[in-house]
Amino acid sequence: MALVELAAFLWALGDLPVAMGQAGEVVLGPEPWFLLSIPPVQIFMGSAPPYLGLRWHLWTGPWFLWVDLPPPRLAFARCPGHALVALVRDFSRLYLAWEILGFPGFSLFGSLGGENALGIRFRVGELWGSGLIKDGRLSLWCGFYF
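Let me begin by describing the structure that accompanies this report.

### Points about a nonpolar patch on the surface
1) Next: Together, Trp56, Leu58, Trp59, Trp63, Leu74, Phe76, Val85, Leu87, Leu94, Leu96 and Leu112 make up an exposed nonpolar region whose accessible area comes to about 1000 Å².
2) Next: If you list the elements that add at least two residues to the nonpolar patch, you get strand E4 (52–59), strand E6 (73–78), strand E7 (83–89) and strand E8 (94–103).
3) Next: The biggest single contributor to the nonpolar patch is E4, with three residues.
4) Next: Its location among the elements puts Leu94 in strand E8.

Pasting the structure below:
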């Protein structure tokens with residue numbers, strides 16, 4: 001996977017709290033992006049392809065279902081205890097995206113299946129910083145929720 005696809009990967013699989021909470025977000029890192037939330041829709045604007053995306057929430061809590069465009073991707077999610085999990089299906093691959101919210105201000109997240117990655121996120125209020133290991137490379141990100 002090329003570096004220019006990291007923002008879309010994180011939008012799709014790396015930020016389940018924002019997806020499930022239908023929040024907005026500003027992200028700075030190798031590929032800055034912006035997520036505007038107007039429930040039941042979230043609009044993704046990135047600095048690399050895809051430059052514009054849409055997430056439409058079909059169900060919310062305790063089970064979550066949403067569709068991402070482009071590419072067409074379907075996600076089915078749940079929050080069992082202190083974890084967020086989602087099965088995500090696109091044209092050719094199935095992913096298990098997850099985030100473990102172990103302590104206030106700290107979580108582990110990642111994906112298994114079509115793409116494998118592992119990340120760590122630190123939060124202070126609405127601000128956060130994270131590191132993501134994917135394809136043997138470390139990328140650093142920061143941002144805030146709104």
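### A look at the pairing of E8
On a regular strand, one side chain projects to one face of the sheet and the next to the other, so that they alternate.
1) Next: In this structure, E7 lies alongside E8, joined through seven bridges in antiparallel fashion. Residue pairing in the sheet places Val85 in a bridge with Trp98 of E8.
2) Next: The turn linking E7 back onto E8 is made up of four residues.
3) Next: Judged from the seven bridges that link them, E8 and strand E9 (residues 106–113) form a sheet pairing that is antiparallel. The residue bridging Trp98 from the neighbouring strand is Gly110, located in E9.
4) Next: The turn joining E8 and E9, which pair antiparallel and follow one another in sequence, is formed by two residues; a positive phi near 90° is taken by Gly105.

### Things to note about unusual backbone geometry
1) Next: Here the bond from Pro49 into Pro50 is cis, since omega is -10°, no more than 30 degrees from zero.
2) Next: Within the secondary structure, Pro50 is located in the loop between strand E3 (41–46) and E4.
3) Next: Phi at Gln22 is positive, roughly 55°, even though this residue is not glycine.
4) Next: Relative to the helices and strands, Gln22 resides in the loop between helix H2 (16–21) and strand E1 (25–28).
5) Next: The backbone of Asp135 shows a phi angle near 55°, a positive value even though the residue is not glycine.

Calculation criteria
- The residue numbering used here restarts from 1 in each chain and proceeds along that chain's sequence as written.
- Per-residue local features of the predicted model are confined to residues with pLDDT of at least 70, and side-chain atom pairs are confined, for both listing and counting, to 80 or more; whole-chain, interface and lining totals are unaffected and use all residues.
- Only hydrogens and water are set aside when side-chain values are computed; all heavy atoms of the structure are taken into account.
- Grouping into patches uses exposed residues only, defined as over 30% relative accessible area, and leaves out salt-bridged ones; the cut-off is 9 Å for like charges and 5 Å for nonpolar side chains (Val, Leu, Ile, Met, Phe, Trp, Tyr).
- We get accessible surface area from the Shrake-Rupley algorithm with a probe of 1.4 Å; when it comes to residues, only the shown protein chains can shield them.
- Each reported salt bridge corresponds to a side-chain nitrogen of Lys or Arg within 4 Å of a carboxyl oxygen of Asp or Glu.
- Put simply, DSSP H or I for four residues or longer makes a helix, DSSP E for two residues or longer makes a strand, and each gets a number counted from the N terminus.
- Whether two strands pair depends on DSSP finding at least two bridges between them.

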